[in-house]
Amino acid sequence: MKDKKPKKINQIEKPKKLSRSKKVKRIILEKGYSGILNNQKWHNIFEIIDKRHIVFKIKLLINSDANYCDFIRELNETSMLIDDSGKFIEFLEIDYIEINKNDEILDFLENKKTEYFMDENIIKILGYNK
């Protein structure tokens, strides 16, 4: 029986993903961060965002700049795709997100006793305690 070889694209993409994941884990360890939200809570928040077509600002631990996103291409249990790059963002990578005040998101956060910050009409949800 022949062994099937993985596609070349997968061989190239997997090390990049592992490399990014290792960078994030190193940042978390070095800075002593502790996670606030688990994958299930992030997934639920992004389900609401996706369903309601809410524009959000996202800042990742490995980037210095935050970016605005107006759609989610694909949402998985532990990650999401927000552009055409094909690179999924693991929820582990999220430093924070900001969205305009939304009652459904606020209800979810209150119901799950999840910490968040309000500044006028902006909700800021942190991924980590610093």
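Residue positions within a chain follow its written sequence, with the count starting from 1. Only residues with pLDDT of at least 70 get local features here, since the model is predicted, and only at 80 or more are side-chain atom pairs given and counted; chain-wide, interface and lining totals rely on the full set of residues. Values reported for side chains reflect all heavy atoms of the structure, with hydrogen atoms and water molecules removed beforehand.

Draft legend 1. Quick look at the sheet that holds strand 5 (residues 79–81). Each pair of strands is called paired provided DSSP finds at least two bridges between the two strands. Here a strand is any run of E in DSSP of at least two residues, a helix any run of H or I of at least four, and the numbering for each starts at the N terminus. As summarised here, the arrangement of the 3 strands in space is 4-5-6, forming an open sheet in which the pairing is antiparallel. Sheet topology places strand 4 (74–75) and strand 6 (89–90) at the edges, where each strand pairs with a single neighbour. The sheet contact formed by strand 5 and strand 6 spans 2 bridges and is antiparallel. Residue pairing for strand 6: Ser-79 is matched across the bridge by Glu-90.

Draft legend 2. Summary view of the nonpolar core. In this structure, Phe-46, Ile-49, Phe-56, Ile-94, Ile-97 and Ile-105 are the most contacted members of the largest nonpolar core, which totals 25 residues. Looking at this core, the elements with two or more residues in it are helix 2 (39–52), strand 2 (56–60), strand 7 (94–100), helix 3 (103–111) and strand 9 (122–126). Element by element, the count of residues in this core is highest for helix 2, at 5 residues. Apart from residues no more than four positions distant in its own chain, Phe-56 is found in contact with Phe-46, Ile-49, Asn-67, Tyr-68, Cys-69, Ile-72, Met-80, Ile-82, Ile-97, Glu-98 and Ile-99. Only buried Ala, Val, Leu, Ile, Met, Phe, Trp, Tyr and Cys residues count toward a nonpolar core, and they belong to the same one when joined by side-chain atoms within 4.5 Å. Three labels apply to residues, based on accessible area from a 1.4 Å probe with only protein chains included: buried if under 20% of the type maximum, exposed if over 50%, partly exposed otherwise in between. Ranked by size, the runner-up nonpolar core spans 6 residues in total, among them Val-24, Ile-27, Ile-28 and Tyr-33. Contacts: residue pairs with any heavy atoms within 4.5 Å of one another.

Draft legend 3. Quick peek at the pairing of strand 9. As paired elements, strand 7 and strand 9 share 5 bridges and run antiparallel to each other. By the bridge assignment for strand 9, Tyr-96 is matched with Leu-126. Across 3 bridges, strand 8 (residues 117–119) lies against strand 9 in antiparallel orientation. If you follow Phe-117 over to strand 9, its bridge partner there is Lys-124. Between the antiparallel neighbours strand 8 and strand 9 lie 2 residues, among them Glu-120 with a positive phi of about 55 degrees.

Draft legend 4. Structural context of the packing of aromatic side chains. Note on aromatic pairs: the rings of Phe, Tyr and Trp (six-membered ring only in Trp) are paired at centre separations within 6.5 Å, and the planes decide the class, stacked below 30 degrees, edge-to-face beyond 60, tilted for the rest. Tallied over the entire structure, the rule returns 4 aromatic pairs. Ring centres of Trp-42 and Phe-46 lie 5.6 Å apart, and the angle between their planes is 20 degrees; on these two criteria the pair is classed as stacked. With a gap of 4 residues between them, Trp-42 and Phe-46 both fall in helix 2, about one helical turn apart. Residue Trp-42 is classed as buried on the basis of its relative accessible area, which comes to 2%. Classification of Phe-46 by relative accessible area gives buried; the value is 0%. Counting every residue linked through ring pairs, the aromatic cluster contains Trp-42, Phe-46, Phe-56 and Phe-91. Here, a charge over a ring is recorded when the distance from Lys NZ or Arg CZ to the ring centre is within 6 Å and its angle to the ring normal is within 35 degrees. The ring of Tyr-96 carries the charged tip of Lys-124 above its face, separated from the ring centre by 4.2 Å.

Draft legend 5. Structural context of the side chain of Asp-95. For Asp-95, the location among the structural elements is in strand 7. Beyond its immediate sequence surroundings of up to four residues, Asp-95 is in contact with Lys-59, Leu-60, Leu-61, Ile-125, Leu-126, Gly-127, Tyr-128 and Lys-130.

Draft legend 6. Local environment of the environment of Glu-74. Relative to the helices and strands, Glu-74 resides in strand 4. Here Glu-74 falls in the partly exposed class, since its relative accessible area comes to 37%. When the C-alpha positions of Glu-74 and Phe-88 are compared, they lie 8.6 Å apart, and in sequence the two are 14 residues distant. Excluding residues within four positions of it along the chain, Glu-74 makes contact with Ser-79, Met-80, Leu-81 and Phe-88.

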